[in-house]
Amino acid sequence: KTTKESHTRNPWFNQFWENRFNCNLKTSSICAQHQLNETNWDSKLQFIVDAVYVFAHALHEYLNCTKSSCSTSALTEIDGKQLFQIILEKTFRSTL
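Undergrad: For this particular structure, what's the right way to read helix α1 (residues 13-21)?
TA: Three or more residues of α1 are buried, namely Phe13, Trp17 and Phe21. Looking straight down α1, one finds that the buried residues subtend no more than 45 degrees of arc, so they occupy a single side. Those residues of α1 that are exposed and aimed more than 90 degrees away from the buried face are Gln15 and Asn19. Asn22 sits one or two positions beyond α1 and adopts a positive phi of about 50 degrees.

Printed below as a string of structure tokens:
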């Protein structure tokens, strides 16, 4: 289950949370007590998460990144066709 406290690093999560549960985190003490689970999770959110992951992994590969460093100098000259090909070849297991 996902709680509000488990997503403190995401700057947009508060807005998502308030919209999802139709509450206000600043004025309602029970707003933060809601939990996301498979029955109240937005059905399209998983597709967005998967898309972000595959793009991030493809970009990581395209830029020849390692676990500790990544060159940002190539960000201004990205070959879209090459990046798209890497995206098409990516496979992974969804985490949610």
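Undergrad: How should the state of the cysteines be read in this particular structure?
TA: Linking two cysteines covalently through their sulfur atoms gives a disulfide. A full pass over the atoms with the stated rule returns 2 disulfides. Cys23 shares a disulfide with Cys31; S-S distance 1.9 Å. On the sign convention where negative means left-handed, the S-S torsion of about 55 degrees between Cys23 and Cys31 marks this disulfide as right-handed. Judged by relative accessible area, Cys31 falls into the buried class, the value being 0%. With its sulfur 1.8 Å from that of its partner, Cys65 forms a disulfide with Cys70. Classification of Cys65 by relative accessible area gives buried; the value is 13%. By relative accessible area, which is 41% here, Cys70 ends up partly exposed. For the protein, numbering the cysteines in disulfides from first to last along the sequence yields the connectivity 1-2, 3-4.

Conventions adopted
- The numbers attached to residues start from 1 for each chain and follow its sequence in the written order.
- Since the coordinates come from a predicted model, pLDDT governs what is reported: local features require at least 70, and pairs of side-chain atoms require 80 or more to be given and counted, while whole-chain, interface and lining totals use all residues.
- Note: side-chain values were computed over all heavy atoms of the structure, leaving out hydrogens and water.
- Relative accessibility under 20% of the residue-type maximum defines a buried residue, over 50% an exposed one, and the middle range a partly exposed one, all with a 1.4 Å probe and only protein chains included.
- Secondary structure elements are taken from DSSP: a helix is a run of H or I of four residues or more, a strand is a run of E of two residues or more, and numbering for both begins at the N terminus.
- Arc, as used here, means the arc of the directions from the helix axis to the C-beta atoms.
- Pairs of cysteine sulfur atoms within 2.5 Å are identified as disulfides in what follows.

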